[in-house]
Amino acid sequence: MLRGLWRIIAGTWWLVVGLIVVFKHLFFRRAITIQFPKERMVMWPRFRGRVGMVPGDNGAKHKCTGCGQCVRACPAACIFLDTHKEEGVKGLIVDRYAIDLGLCIYCALCVEICPFGALRTVTDYEISVFDKGELMWEMDGLLEPRRAPRFKR
Ligand code: SF4
Ligand code: SF4
């Protein structure tokens, strides 16, 4: 009998404690969540998001020389690079540079190893898709600093 009464008192006490915490957060604390997609987080500049390509200097589209070091360093084997050589042109011509973000593990080893500073991590985090195939990002997408938000309200 006493044990049952004690349980009721203890249960009521912890219920009240829980409600105090709830109301404290409801009225006196700033929310730590946001109303996505109505609101969007501004990431820190050093946020290590997806990998992107760096635009080249003097009007060049990108800085990639096609050396393939990032491809060799990538532990997820998700970088796809096609190059060819042209008569009279120094170096390689990059035909395709793509990353399968569905496989990428965001380790940024490719960024660190690139000797030409052609890759960077960007603060873009809205990259979810309904079709897995859309996670294959080609050069034009990788050059964008941020993809236009797909989920709007
Ligand atoms: S390491 Fe840099 S320059 Fe070499 S292929 Fe990769 S992105 Fe291009
Ligand atoms: S971040 Fe890592 S897994 Fe992703 S492309 Fe670069 S090396 Fe590969």
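See above for the structure.
Residues numbered from 1 in each chain as written. Chains lettered and ligands numbered in written order. Predicted model: local features only at pLDDT ≥ 70, side-chain atom pairs only at ≥ 80, totals over all residues. Heavy atoms only, no water.

Undergrad: What is the right way to look at the site of ligand 2 in this model?
TA: As a matter of local geometry, ligand 2 sits amid Val51, Cys74, Pro75, Ala76, Cys78, Ile79, Cys104, Ile105, Tyr106, Cys107, Ala108 and Cys110. When grouped by side-chain class, the residues that make up the shell around ligand 2 number 12 nonpolar, no polar and no charged. (Near = heavy atom within 4 Å. Nonpolar A, V, L, I, M, F, W, Y, C, P; charged D, E, K, R; others polar.)

Undergrad: Explanation requested: the site of ligand 1 in the structure shown.
TA: In the neighbourhood of ligand 1, 14 residues make up the surrounding shell, with Cys64, Cys67, Gly68, Cys70 and Cys114 lying closest. Of the residues that constitute the shell around ligand 1, the class distribution is 10 nonpolar, 4 polar and no charged.

Undergrad: Looking at this structure, I do not really get the nonpolar core. What am I missing?
TA: If you look at soluble globular proteins, the nonpolar side chains tend to sit buried side by side. Counting 22 residues, the largest nonpolar core has Met53, Ile79, Tyr97, Ile99, Leu101 and Leu119 as the members making the most contacts within it. The set of elements that each furnish at least two residues to this core consists of strand S1 (51–53), strand S3 (92–100) and helix H4 (139–143). Apart from residues no more than four positions distant in its own chain, Ile79 is found in contact with Cys70, Val71, Cys74, Tyr97, Ala98, Ile99 and Cys110. (Core = buried A, V, L, I, M, F, W, Y, C linked by side-chain atoms within 4.5 Å. Buried < 20%, exposed > 50% of the residue type's maximum accessible area, 1.4 Å probe, protein only. Helix = DSSP H or I, 4+ residues; strand = E, 2+ residues; numbered from the N terminus. Contact = heavy atoms within 4.5 Å.)

Undergrad: Is there a simple way to explain the sheet that holds strand S2 (residues 79–85) in this structure?
TA: Each strand in a sheet pairs with another by means of backbone hydrogen bonds, the pair being arranged parallel or else antiparallel. Pairing is antiparallel in the open sheet, where 3 strands are placed in the order S2-S3-S5. In this open sheet, the two edge strands, each paired with only one partner strand, are S2 and strand S5 (136–137). Pairing geometry for S3 and S5, over 2 bridges, is antiparallel. When the bridges of S5 are listed, Asp100 appears paired with Met136. (Pairing = 2+ DSSP bridges.)

Undergrad: I'm lost on the pairing of S2 in this one. Help?
TA: Regular strands show a simple pattern: their side chains alternate between the two faces of the sheet. Across 7 bridges, the pairing between S2 and S3 is antiparallel. When the sheet's bridge partners are listed, Thr83 is paired in S3 with Val94. Counting the residues between successive antiparallel strands, the hairpin from S2 to S3 contains 6 residues, one of them, Gly88, with a positive phi of roughly 80°.

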